[in-house]
Amino acid sequence: MKYWMVVWLVLATGAVAAPREQGTPGEFDFYVLSLSWSPTFCLTHPDNEQCSGKGYGFVLHGLWPQYARGGGPASCAPQSYLSREAMDKGATLFPTRALLKHEWAKHGTCSGLEPLAYLEKTDAALGVVAIPHQLQPFNTPPSLPAREIEALFRQSNPRMGNHGLAVICKGKVLSEVRVCLTKDLAFAGCPRSVKSQCREGEIRIPAQR
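The following paragraphs examine the structure supplied in this document. (Residues numbered from 1 in each chain as written. Predicted model: local features only at pLDDT ≥ 70, side-chain atom pairs only at ≥ 80, totals over all residues. Heavy atoms only, no water.)

### So, the layout of surface pockets
Going by this rule: Cavity: a set of points on a 1 Å grid over the protein atoms alone where a 1.4 Å probe fits but cannot get out. Pocket: an open set with protein on both sides within 12 Å along at least five of seven lines, its lining residues, like those of a cavity, having an atom within 4 Å of a point. Grid points are joined across faces, edges and corners, and a volume is the space filled by probe spheres set on the points. Runs of E in the DSSP output that reach at least two residues are strands. Runs of H or I that reach at least four are helices, and both are numbered from the N terminus. When residue character is reported, Ala, Val, Leu, Ile, Met, Phe, Trp, Tyr, Cys and Pro are called nonpolar, Asp, Glu, Lys and Arg charged, and the others, Gly included, polar.
The computed volume of the largest pocket comes to approximately 230 Å³. For the lining of the largest pocket, the secondary-structure elements that each account for two or more residues are strand E1 (30–37), helix H2 (38–44), strand E2 (58–66) and strand E5 (173–181). With 3 residues, the top contributor of residues to the lining of the largest pocket is E2. A breakdown of the residues in the lining of the largest pocket according to their chemical character gives 6 nonpolar, 7 polar and 2 charged. Looking at the second largest pocket, the residues that line it are Glu150, Arg154, Asn162, His163, Gly164, Leu165, Cys190, Pro191, Arg192, Val194, Lys195 and Ser196.

Shown next as structure tokens:
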């Protein structure tokens, strides 16, 4: 069939190619534990249930399987549904059930674990990382350089090493930190694909509501 005829058929019928598999569950090199700074999220999502005056600081964004070469698998098949038990467990970890469902569908399905086991792994990962006292809710300075945020995390987590996390900003506002962990949840050095994304100088740390 001529190429132009294929294009015409797609346009005429709305047909699209079947999506490619986004990775094989369990086949990845390390995890990134992503911790979102909730007040920054709430600046642009004030009506989200996460932002209803709960006083969150860092909250779980997700535990992401990653490749050493960069990126990671996403939305792996087959998609297992979250049981009631898994939902209840996830609700103790994520700030909202909507985020829990999204993170399981996009990242958890690629872990090679069943939903409850993945959430237990996520819980364990949260237990590995100590949030610095200076970055606890209602205890934060209005601004810090990204390198000082990194230093505070290293001081609170002596086994982290010098390249174990990345600080992520939106403009000059703290957005999240990403911690690299082995598949066994030991601290790991982050590859070049996981690096801080903040401007030089002070970055704003919005206060909790």
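### Topic: helix H3 (residues 84–91)
To keep it simple, the criterion reads: Three labels apply to residues, based on accessible area from a 1.4 Å probe with only protein chains included: buried if under 20% of the type maximum, exposed if over 50%, partly exposed otherwise in between. Think of it as the arc spanned by the lines of direction from the helix axis to the C-beta atoms. Any two residues whose heavy atoms approach within 4.5 Å at even a single point are treated as in contact.
Of the positions making up H3, those classed as buried are Ala86, Met87, Lys89 and Gly90. Along the axis of H3, the buried positions cluster into a sector of 165 degrees, meaning they face one direction only. Exposed side of H3, more than 90 degrees from the buried face: Arg84 and Glu85 are the residues found there. Where H3 is buried, its residues meet helix H4 (97–106) and helix H5 (115–128).

### What to know about the side chain of glutamate 103
Worth spelling out the cut-off: Counted charges follow a simple rule, with Lys and Arg positive, Asp and Glu negative, and His plus the chain ends left uncounted. Think of a salt bridge as a Lys or Arg side-chain nitrogen and an Asp or Glu carboxyl oxygen that are within 4 Å of each other.
In this structure, glutamate 103 sits in helix H4. Although glutamate 103 is buried, it forms no salt bridge, and the closest oppositely charged side chain is lysine 106 at an N-O distance of 6.7 Å. Leave out the neighbours within four places in its chain, and glutamate 103 touches His61, Gly62, Trp64, Phe94, Gly108 and Tyr118.

### Section: the environment of glycine 57
Relative to the assigned elements, glycine 57 resides in the loop between H2 and E2. Residue glycine 57 is classed as buried on the basis of its relative accessible area of 2%. Counting along the chain gives 78 residues from glycine 57 to leucine 135, while the straight-line C-alpha distance between them is 7.6 Å. Setting aside chain neighbours within four positions, we find glycine 57 in contact with Ser36, Trp37, Ser38, Pro39, Pro137 and Gln208.

### Overview of H4
Listed as buried for H4 are Leu99, Leu100, Glu103 and Trp104. End-on view of H4: buried residues confined to an arc of 130 degrees, all on one side of the axis. Residues of H4 that are buried sit in contact with E2, H3 and H5.

### Looking at the packing of H3 against H5
We apply this condition: Helix axes are fitted only over the stretch in contact, all axes being lines through C-alpha atoms; the angle between N-to-C directions runs from 0 to 180 degrees. Every angle not falling under 35 degrees, over 145, or within 65 to 115 is termed oblique; those three ranges are roughly parallel, roughly antiparallel and roughly perpendicular. Crossings are sorted by hand: turned counterclockwise from the far helix by less than a right angle, the near helix makes the crossing left-handed, and turned clockwise it makes it right-handed.
With their axes 9 Å apart at the nearest point, H3 and H5 run at an angle of 15 degrees to one another. In terms of axis orientation, H3 runs roughly parallel to H5. Here H3 and H5 pass one another in a crossing that is left-handed. Contacts between H3 and H5 pair Glu85, Ala86, Lys89 and Gly90 from the former with Pro115, Leu116, Leu119, Glu120 and Asp123 from the latter.

### Some details on the side chain of threonine 96
If you trace the backbone, threonine 96 turns up in the loop between H3 and H4. When neighbours within four sequence positions are excluded, threonine 96 is seen to be in contact with Asn48, Glu49 and Gln50.

### Some thoughts on the nonpolar core
Side chains that are nonpolar tend, in soluble globular proteins, to be buried together. Put simply, the rule reads: Residue types Ala, Val, Leu, Ile, Met, Phe, Trp, Tyr and Cys, when buried and joined through side-chain atoms within 4.5 Å, form a set referred to as a nonpolar core.
The biggest cluster of nonpolar side chains holds 39 residues, and the ones touching the most others in it are Leu33, Ile149 and Phe153. Residue assignment for this core shows that the elements contributing at least two residues are E1, E2, H3, H4, H5, helix H6 (146–156), strand E4 (165–170) and E5. Among the nonpolar cores identified, the runner-up in size contains 9 residues, and Val32, Trp64, Ile168 and Cys180 belong to it.

### Topic: the packing of aromatic side chains
Our working definition: For Phe, Tyr and Trp, rings pair up if their centres lie within 6.5 Å, where Trp contributes its six-membered ring, and each pair is then called stacked (planes under 30 degrees apart), edge-to-face (over 60) or tilted (otherwise). Counted as over-ring charges are cases with an Arg CZ or a Lys NZ within 6 Å of the ring centre that also lie within 35 degrees of the ring normal.
In total, this model carries 4 aromatic pairs according to the counting rule given. For the ring pair tryptophan 104 and tyrosine 118, a centre distance of 5.6 Å and an interplane angle of 55 degrees mean the geometry is tilted. Of the two residues, tryptophan 104 is situated in helix H4 and tyrosine 118 in helix H5; the sequence distance between them amounts to 14 residues. The exposure classification of tryptophan 104 matches that of tyrosine 118, with both residues buried. What links up through ring pairs into an aromatic cluster is the set Trp37, Phe58 and Phe153. Across the ring face of tyrosine 67, the terminal group of arginine 69 is positioned such that the distance to the ring centre comes to 4.2 Å.

It is worth stressing that arrangement in space is one thing and function is another; only the former is reported here.
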